[in-house]
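# Structural features, examined
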Amino acid sequence: MFFLSDYTRQFFEVNLGLSGYQSVLLGSIVSGYVTGFAAGLNEWGKVLQAVSKNGKWKESKYTTATSLVASSRSSKTLPSLFLRLHSSGTRNAIFDSTFFTSCHHLASSTFSQPSTYALSAVTAVVVDYAFDVSCKRSFSRPPALPVSGVLKSTLGLIRKAGVKGTYRGAGVKAVEFGVSYAVTGAGAYVILNMKEAMS
């Protein structure tokens, strides 16, 4: 996440002459979408296995990326397979772009690096949460069942469950990510200080 986002940021800044904020935004959107899209099949398989273990189905045949693709192909639902991967990519792009642009904005403030990472992560969770729930719901459906596009399904989720119902559990996830990213920020701060001391 961090390496690819920084690489794409540098690419856009150097080759397109974008400002720091613009390159961070565009770079994190692109890197987030690519990583989310690429990891979509693996996550889909894991969600289906979890649903199967909870008793919705007696067994799960969809344990690998190849089985998911083969099943989608045989049931003629390849467009829905793409929509699921697109949903995963979009969700990651929203999270990453919110996180990294928030970090960029807070970098010039008086917040410490752990606090910057924690606040940025919490912000990203709040912005991304409805898309994340919608994405996971599309992953909970087997390959033979079609799904809608990410925007349509997310809006449908909010209309059906309401904002309160859609964001149920968001607080727990925000705290979890806030603590996790604060630790990451503290680690990055220590490493950077060690490098400066050695140079």
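### A word on the overall build of the chain
Helix and strand content of the chain: 7 helices and 0 strands. Along the longest, intermediate and shortest principal axes, the C-alpha atoms of the chain span 60 × 40 × 30 Å. Classification of the 199 residues of the chain by burial places 39% in the buried group. Across the chain, every contact between residues at least 6 apart in sequence was considered, and the portion connecting residues at least 24 apart equals 73%. Accessible surface for the chain amounts to roughly 11,300 Å². Of this, 65% is attributable to carbon and sulfur atoms. The centroid of the 20 positive side-chain charges in the chain is displaced by 16 Å from the centroid of its 9 negative side-chain charges.

### Points about the pattern of salt bridges
Taken as a whole, this structure holds 7 salt bridges when the rule is applied. Two residues, E13 and R9, come together in a salt bridge whose shortest N-O distance is 2.7 Å. With E13 and R9 both in helix α1 (residues 2-15), this residue pair falls 4 residues apart, about one helical turn. Residue class for E13 comes out partly exposed when judged on its relative accessible area of 31%. For K173, the salt bridge goes to D132, with nearest N and O atoms at 2.8 Å.

### A closer look at the side chain of T116
If you trace the backbone, T116 turns up in helix α5 (residues 113-139). Here T116 falls in the buried class, since its relative accessible area comes to 6%. Those residues in contact with T116 that sit more than four places away from it in its chain are C103, L106 and F111.

### Observations regarding helix α6 (residues 150-166)
The end-to-end C-alpha separation of α6 is 15 Å, well short of the 24 Å expected for 17 residues at 1.5 Å each. The axis of α6 is deflected most strongly, by about 80°, at K160. Of the residues making up α6, those classed as buried are V150, T154, L157, G165 and T166. Where the residues of α6 are buried, they touch α4 (78-106) and α5.

### Quick notes on the nonpolar core
Counting residues in hydrophobic clusters, the biggest one holds 15 residues, and the most contacted among them are F95, F99, Y117, V125, Y129 and Y181. Secondary-structure elements contributing two or more residues to this core are α4, α5 and α7 (170-198). Looking at this core, the element that brings in the most residues is α5, giving 6 residues. Counting residues in each nonpolar core, the second largest holds 10 residues, with L41, L48, L68 and C135 among its members.

What counts, and at which threshold
- Residues numbered from 1 in each chain as written.
- Predicted model: local features only at pLDDT ≥ 70, side-chain atom pairs only at ≥ 80, totals over all residues.
- Heavy atoms only, no water.
- Helix = DSSP H or I, 4+ residues; strand = E, 2+ residues; numbered from the N terminus.
- Buried < 20%, exposed > 50% of the residue type's maximum accessible area, 1.4 Å probe, protein only.
- Contact = heavy atoms within 4.5 Å.
- Areas by Shrake-Rupley, 256 points an atom, 1.4 Å probe, with all protein chains shown as cover.
- Lys, Arg positive; Asp, Glu negative; His and termini not counted.
- Charge placed at Lys NZ, Arg CZ, Asp CG, Glu CD.
- Salt bridge = Lys/Arg side-chain N within 4 Å of Asp/Glu carboxyl O.
- Expected span 1.5 Å × (residues − 1).
- Bend = angle between axes of the 7 residues up to and from the residue.
- Core = buried A, V, L, I, M, F, W, Y, C linked by side-chain atoms within 4.5 Å.

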